[in-house]
Amino acid sequence: MFDHVTIRVTDREASERFYTTVLAELGIDRTYRTRTFSEWDDFSLTGADDANPVTRRLHVGFVAPSRGHVEAFWRAGTDAGYADAGRPGPRPEYGGDYYGAFLLDPDGNSAEAVHFDGLRRGGIVDHVWIRVADVEAAKRFYDAIAPHAGLRLEQNRPGRVQYAGESGSLSFLSGTPTENVHIAFPAGDDGAVRGFHEVATGAGFRSKGQPGERPQYHPGYYAAYVLDPDGNNIEVVNHHR
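Every value quoted in this text rests on a predicted model; they were computed, and no experiment measured them.

Rules and cut-offs
Residues numbered from 1 in each chain as written. Predicted model: local features only at pLDDT ≥ 70, side-chain atom pairs only at ≥ 80, totals over all residues. Heavy atoms only, no water. Bend = angle between axes of the 7 residues up to and from the residue. Helix = DSSP H or I, 4+ residues; strand = E, 2+ residues; numbered from the N terminus. Buried < 20%, exposed > 50% of the residue type's maximum accessible area, 1.4 Å probe, protein only. Polar contact = N/O pair within 3.5 Å; in protein donor to acceptor, adjacent residues only side chain to side chain. Phe/Tyr/Trp six-rings, centres within 6.5 Å; stacked < 30°, edge-to-face > 60°. Lys NZ or Arg CZ within 6 Å of the ring centre and 35° of its normal. Pairing = 2+ DSSP bridges. Contact = heavy atoms within 4.5 Å. Axes fitted to C-alpha atoms, helices over the stretch in contact; angles between N-to-C directions.

Participant: I tried to follow helix α3 (residues 135–149) on my own but got confused; where do I start?
Facilitator: Where α3 bends most, at D143, the angle is about 30 degrees, and the proline P147 comes one to four residues later. Residues V135, A137, A138, K139, F141, Y142, I145, A146 and A149 constitute the buried set of α3. Two or three places before E136, at the opening of α3, D134 has a side-chain oxygen 3.0 Å from that residue's backbone nitrogen. Once α3 finishes, G150 follows within two positions and takes phi at roughly 75 degrees, a positive value.

Participant: Is there a simple way to explain the packing of aromatic side chains in this structure?
Facilitator: Any aromatic ring pair is given by two values, namely how distant the centres are and how the planes are angled relative to each other. Under the defined criterion, the tally for this structure stands at 18 aromatic pairs. A ring pair is formed by Y19 and F62, whose centres lie 6.3 Å apart and whose planes are at 65 degrees; its orientation type is edge-to-face. With Y19 in helix α1 (residues 12–23) and F62 in strand β5 (residues 58–63), this pair connects stretches of sequence that are 43 residues apart. For F62, a relative accessible area of 0% puts it in the buried group. Ring geometry for Y142 against F172: centres 4.4 Å apart, planes inclined by 35 degrees, an arrangement best described as tilted. Here Y142, found in helix α3, pairs with F172, found in strand β12 (residues 169–174); they are 30 residues apart in sequence, far enough to count as distant. Classification of Y142 by relative accessible area gives buried; the value is 0%. Directly above the ring of W129 sits R160, whose terminal nitrogen or CZ lies 5.1 Å from the centroid.

Participant: Would you take a moment to explain the sheet that holds strand β2 (residues 32–33) for this structure?
Facilitator: Paired through backbone hydrogen bonds, the strands of a sheet run either parallel or antiparallel to each other. Pairing in this open sheet of eight strands is mixed, and the strands run β2-β3-β4-β1-β13-β16-β15-β14 from one edge to the other. Two strands lie at the open edges of the sheet, namely β2 and β14 (207–213), each paired on one side alone. Pairing geometry for strand β15 (residues 222–227) and strand β16 (residues 233–238), over six bridges, is antiparallel. Counted as the bridge partner of Y222 is N238 from β16.

Participant: Mind showing me how you'd approach the pairing of strand β3 (residues 37–40) here?
Facilitator: Regular strands show a simple pattern: their side chains alternate between the two faces of the sheet. Here β3 shows one buried face, formed by S38 and W40, and one open face, formed by F37 and E39. Here β2 pairs with β3 via two bridges, running antiparallel. Counted as the bridge partner of Y32 is E39 from β3. Once β2 ends, the chain turns through three residues before running back antiparallel as β3. Between β3 and strand β4 (residues 43–47), which pair antiparallel one after the other, the connecting turn spans two residues, and D41 there sits at a positive phi close to 55 degrees.

Participant: Is there a simple way to think about the environment of W129 in this case?
Facilitator: Structurally, W129 can be placed in strand β9 (residues 125–132). Distance from W129 to R57, taken between C-alpha atoms, is 9.2 Å for residues 72 residues apart in sequence. Setting aside residues no more than four positions away along its own chain, W129 makes contact with L58, H59, Y94, R160, S171, L173 and T178.

Participant: Would you mind going over the environment of G108 with me for this structure?
Facilitator: One can find G108 in the loop between β7 (99–104) and β8 (110–115). As for G108 and F205, which are separated by 97 residues in sequence, their C-alpha atoms are 28 Å apart.

Participant: What am I meant to see in the sheet that holds β12 here?
Facilitator: Ordered in space as β6-β7-β8-β5-β9-β12-β11-β10, the eight strands form an open sheet in which the pairing is mixed. Both edges of this open sheet fall to β6 (83–90) and β10 (152–157), since each of them pairs with a single strand only. Strand-to-strand, the axes of this sheet are offset by a mean angle of 15 degrees, without reference to chain direction. In this sheet, β9 lies alongside β5 in antiparallel orientation, the contact comprising five bridges. Looking at the pairing, F62 lines up with V125 of β9. Strand contacts of helix α2 (residues 67–79): β6, β7 and β8, with the helix running at about 15 degrees to β7, the strand carrying the most contacts.

Quick look at the structure:
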């Protein structure tokens, strides 16, 4: 479902220590590091600046291979002094076999380790929850881009909508909005990238980047960017590989 999810952080070294500490307990090692960003598979972080403020009020659920991994994630985080946001245990409100634990990263975003039947395959980010000012406005945007971003509407109830891909999910909940997250969805061809940008900008949403190649990422990286109703940077990308 997710090509990548990127957050902006106040203190890159502090945030990198947090994610390195807790994700290692899930068998997730840092895969790449440059002068500007750090990457763990399809999750990455980079420093905030005046033009790109800090990500706030985001929830990311990471794939845990077992309940024991969930417990190790939480224990490593709390032992290192990070804030507990929910001890390991069943969460039947999310599913009969759902088992999760929650911590807060240095900027107060919620990081979860989760294990259940039906976890996302092919990536480490199982789900993302975003709080929005207007759930219906968010739904209109994501309904419009869904055919081009590989999304389908999974749940639609008052105060919450959820989209799913082949595996994994993206939920929108009413509340003080999440700020400054970047989410990229994969596409199988350049037409989907162009279609995403055309339908979103045609509906009045602001372009953050026209469809085109971004060779600074790698040769053949073809992407477009649009801001959703709460100003989050949404991308559809075809990697040509």
